[in-house]
Amino acid sequence: MADLGHGGFFQASFSSRGPTADNRIKPDISAPGYQIMAAKAKGPGNQYTEKNGTSMSSPFVAGVAALMRQANPALSAADIKDTMMSTARDWGSSGTDIDYGAGRLDGYHAIRAAAAAFGRTVSTPKHIYRAGTLSATVTEEWWDIDVTDNSYPIGITMIMQNWISAADPDFDMTLFDPGNNQVGSATGTERQETITHQPAQTGTYRLRVYRFDGAGDYSVDISAGTHVISISLDTDGAIPFGTMGVGETTTTGEAEREVVRIDADPAHLDIRTSLFSDGGNDWALGSTSGSDIVKWEFSPDNLEWTTFLAENTNYPLADELASSAQQAIYFRFTMPSASSSGQDHTTQVTVTATAP
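## Overview of the packing of helix H1 (residues 54–71) against helix H2 (residues 77–86)
Running from amino to carboxyl end, H1 crosses H2 at an angle of 115 degrees, the nearest separation of the two axes being 10 Å. The angle between the axes of H1 and H2 places the two elements in the roughly perpendicular class. Crossing handedness for the pair H1 and H2: right-handed. Taken together, the residues of H2 that come into contact with H1 (itself represented by Val61, Val64, Ala65, Met68 and Arg69) are Ile80, Thr83 and Met84. A class-by-class count of the residues in the contact of H1 with H2 yields six nonpolar, one polar and one charged.

## Let's talk about the side chain of Lys126
Among the structural elements, Lys126 can be located in strand S3 (residues 126–134). If we skip the residues at most four places from it in the chain, Lys126 touches Ile222, Ser223, Ala224, Thr226, His227, Asp265 and Pro266.

## Considering the pattern of salt bridges
A side chain with one charge may pair with a side chain of the opposite charge, provided their charged atoms come close. Under the definition given, this model contains eleven salt bridges. A salt bridge links Lys81 to Asp28; the nearest nitrogen and oxygen atoms lie 3.6 Å apart. With a gap of 53 residues between them, Lys81 in helix H2 and Asp28 in the segment before strand S1 (36–39) connect regions that are remote in the sequence. For Lys81, a relative accessible area of 40% translates into the label partly exposed.

## Focus: the pairing of strand S9 (residues 203–213)
In this structure, strand S4 (residues 140–147) lies alongside S9, joined through eight bridges in antiparallel fashion. Across the sheet, Ile145 pairs through a bridge with Tyr205, a residue of S9. With seven bridges joining them, strand S6 (residues 170–176) and S9 adopt antiparallel strand pairing. Residue Phe176 lies in a different strand from S9, and its bridge partner there is Arg206.

## Quick word on the layout of surface pockets
Its boundaries defined by the atoms lining it, the largest pocket holds a volume of some 1,100 Å³. Forming the walls of the largest pocket are 42 residues, and the residues nearest its centre are Arg89, Arg104, Pro125, His127 and Pro266. Listed by contribution, the elements that provide at least two residues to the lining of the largest pocket are H1, helix H3 (107–115), S3, S4 and strand S18 (315–321). Across the lining of the largest pocket, the residue classes tally to 21 nonpolar, nine polar and twelve charged.

## Digging into the sheet that holds strand S13 (residues 267–273)
Pairing is antiparallel across the open sheet formed by three strands, whose spatial order is S18-S13-S20. This sheet does not close on itself; its edge strands, each paired only once, are S18 and strand S20 (349–354). Here the average twist between neighbouring strands, direction ignored, is 20 degrees. Here S13 runs beside S20; their pairing, made up of six bridges, is antiparallel. Residue pairing across strands places Leu269 opposite Ala353, the latter belonging to S20.

Criteria and thresholds
- Residues numbered from 1 in each chain as written.
- Predicted model: local features only at pLDDT ≥ 70, side-chain atom pairs only at ≥ 80, totals over all residues.
- Heavy atoms only, no water.
- Axes fitted to C-alpha atoms, helices over the stretch in contact; angles between N-to-C directions.
- Helix = DSSP H or I, 4+ residues; strand = E, 2+ residues; numbered from the N terminus.
- Parallel < 35°, antiparallel > 145°, perpendicular 65-115°, else oblique.
- Left-handed = near helix turned anticlockwise from the far one by under 90°.
- Contact = heavy atoms within 4.5 Å.
- Nonpolar A, V, L, I, M, F, W, Y, C, P; charged D, E, K, R; others polar.
- Salt bridge = Lys/Arg side-chain N within 4 Å of Asp/Glu carboxyl O.
- Buried < 20%, exposed > 50% of the residue type's maximum accessible area, 1.4 Å probe, protein only.
- Pairing = 2+ DSSP bridges.
- 1 Å grid on protein atoms, 1.4 Å probe; cavity = no way out; pocket = protein on both sides within 12 Å on 5 of 7 lines; lining within 4 Å.
- Points joined across faces, edges and corners; volume = space filled by probe spheres on them.

Structure (structure tokens):
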């Protein structure tokens, strides 16, 4: 797989493909192996060389494996392989396939899983998968790429799934920028074709996949700076707890449950809150109930609770939720120890989504 610095993520045309002679799915995983700069093995002085192939991609995998063992020495070789494959970024058709294996190596998440740690990785371009069929009656299909960050290159890998031999079938691609100017094309006769382009502007780029000859299925994997995140909240807009006494805390059974739904694209979720008020008293947020302090908490599972300690401060709620996933949020609070009120208490809770 090509690296980001040479036109975005895309599968190198010379990458080894499966299946094996005994019909096993290979490769196991894809890793950077195109135009990789490395220390030169021989020669006078300090020299570097740029190479392609498994001699470049294998060290990436080996290095991640070593860091996984360092994080968790109890891992077996099989554990490392399984974890590395299960945390890979799926490319191609869903699951393992003969072009990408389990997908693009994700060293950060493999090591995080090995160490049972928590955190967030560096930002990378988004991956989009599309698939279609071309024939004598359907000769072309168009796909939109909504580029919101033009610092990332666009990398496009198109694979003809029913390819038999050179030009059988023969599908080609053309990429157009938001002004409808052609900025890339691929017109070869092999099973895979690739376009790379550094966008000069944000906006909607259009990819045309068209038939030159033959018919069959194709898949397109796109790497680009596009973040299309959409979430919605299933709520009645209020969090009722009823009348509470001074210093009283809602019990776990009384916690109010709301639900966030990820409508489009994976997302991290954070949550923040504003000042508590009943219209007459403004109560500060804090970890201990006091005469002017409210203990206001949230939980993603009704088991582990986090206290809002500061207003308008983001707290992590969930990490890398998949598209169409749902995330529950539970709320509870403790009344001040020396102040009571018969009024409704109000605060604003905001859930924000960011791209992984």
